[in-house]
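Now for the letters of each chain:
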Amino acid sequence: MNTKDRIDNKLLVTGASGHLGRRVVQHLLHTLGIPTRRLIVTTRQPERLANLAALGVEVRAANFDDANTLVKAFQGADRLLLISTDALDVPGRRLMQHHNAIQAAEAAGVHHVAYTSMPLPHGSPLLIAPDHAGTEVALAASALPSWSVLRNHWYFENLFMTLPQVLQSGKWYSAAGEGRVAHIARDDLALAAATALAGSSSDKTTWTLSGSSAYSTAEMSALIAKAVGRPIEVVPMPLEGLVQGMVGAGLPEPLARVFASFDTNTAAGRVADVTGDFMRLTGRQPQAFEAWLEFAVPALKD
Ligand SMILES: NC(=O)c1ccc[n+]([C@@H]2O[C@H](COP(=O)([O-])OP(=O)(O)OC[C@H]3O[C@@H](n4cnc5c(N)ncnc54)[C@H](OP(=O)(O)O)[C@@H]3O)[C@@H](O)[C@H]2O)c1
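One structure accompanies this document, and this report is about it. (Residues numbered from 1 in each chain as written. Predicted model: local features only at pLDDT ≥ 70, side-chain atom pairs only at ≥ 80, totals over all residues. Heavy atoms only, no water.)

Glancing now at unusual backbone geometry. Residues other than glycine seldom take positive phi values, yet L120 does so here, at roughly 40 degrees. Take L120: it is sitting in the loop between strand 5 (112–117) and helix 6 (129–141). You can call L120 partly exposed: its relative accessible area is 39%. (Helix = DSSP H or I, 4+ residues; strand = E, 2+ residues; numbered from the N terminus. Buried < 20%, exposed > 50% of the residue type's maximum accessible area, 1.4 Å probe, protein only.)

As structure tokens, this is what we get:
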């Protein structure tokens, strides 16, 4: 592709009304200076992106459950960011959705697909990992000329789901053992995705995007306790005890097993690797956990 074509080529972001998708679009427009005329965004609910449409971004409807409509939705895009969906209700549904999207991208003549995966998805004990592993396999087997797999580490923001209960009880029930997590800010992952999408890579590349440190539950809880000024006791639990605790608190058992498998995955050391890939891709340092905590503390104290 010559320089002029690259200046004019169209970039498409799926799932653009989600937390990550919205930030990707902001980074494309404001951090990377991509003109609105080069952007296509898709979502199941276009009315939620009226603000982008008003700026001149082309907003299209796309639902990965609806394979027949996707080729039209992706038509004209040169590079496409496929944001993994949150469909965890029916086993296999999410992988089917991603298959639909990859096939549609191929049929629409897209040159490059970037996909938001997870660290070490193959052979993982995490119950949602097969969707990511299967999507990576589908990308590799596709006729797409090039792709980027973005193996996103866990967001700092996931802690907002765990910490209210931890801070209320003063206890952090965990089956993660000494396993560490190399969390990263969701906004940093949005910048990485925007950079991969807007770049000129015509390779098939896998990036593992971690934060700058990896902390065990005990190390994290010590930092959080200091930041909020309240003690936290880490209570080691066997996996089954963790599952039954969540079921007792009202969570359906299949979902409790999915959540508990995050701890198994952590205990196995599968999310502990601090890589330099975020820096290599974006040229920036990821936000440190301590800096994120400073920003998050007021919300955690509420
Ligand atoms: N690394 C991590 O720690 C972590 C944490 C949570 C989630 N994730 C994964 O990363 C993805 C993005 O994270 P997020 O924070 O933005 O989650 P989110 O706010 O829950 O967004 C969910 C995303 O799924 C899309 N989606 C759902 N059903 C779809 C369908 N049928 N067809 C097309 N798109 C569909 C949504 O798009 P529209 O609503 O715009 O249609 C939206 O982009 C999640 O969906 C999940 O796969 C990763």
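On to the packing of helix 4 (residues 67–74) against helix 5 (residues 93–107). Packed helices, taken two at a time, are described by the angle their axes make and the gap between the axes. Close contact between helix 4 and helix 5 brings their axes to 8 Å; oriented N to C, the two are set at 45 degrees. Overall, the two elements helix 4 and helix 5 adopt an arrangement that is oblique. Note on packing geometry: the crossing formed by helix 4 with helix 5 is right-handed. Mapping the contact onto sequence places A67, L70, V71 and F74 in helix 4 and N100, A101, A104, A105 and A107 in helix 5. (Axes fitted to C-alpha atoms, helices over the stretch in contact; angles between N-to-C directions. Parallel < 35°, antiparallel > 145°, perpendicular 65-115°, else oblique. Left-handed = near helix turned anticlockwise from the far one by under 90°. Contact = heavy atoms within 4.5 Å.)

Let us now look at the pattern of salt bridges. This structure, assessed with the given rule, holds eleven salt bridges. The salt bridge involving R151 is made with E136; its shortest N-O contact spans 2.7 Å. Note that R151 is positioned in strand 6 (residues 146–152) and E136 in helix 6, a separation of 15 residues in sequence. Accessibility classification places R151 together with E136 in one group, the buried group. Between E253 and R257 there is a salt bridge, and its shortest N-O distance comes to 2.9 Å. Of this pair, E253 and R257 both sit in helix 11 (residues 253–267), four residues apart, roughly one helical turn. Its relative accessible area of 35% is what places E253 among the partly exposed residues. The class for R257 is partly exposed, based on a relative accessible area of 29%. A cluster of three or more residues bridged by salt bridges with shared partners is formed by E240, E253 and R257. (Salt bridge = Lys/Arg side-chain N within 4 Å of Asp/Glu carboxyl O.)

We now examine the packing of aromatic side chains. On inspection of all chains with the given rule, the structure shows six aromatic pairs. Each member of the aromatic cluster is reached from another via a ring pair, and the members are F156, F160, Y215, F289 and W292. (Phe/Tyr/Trp six-rings, centres within 6.5 Å; stacked < 30°, edge-to-face > 60°.)

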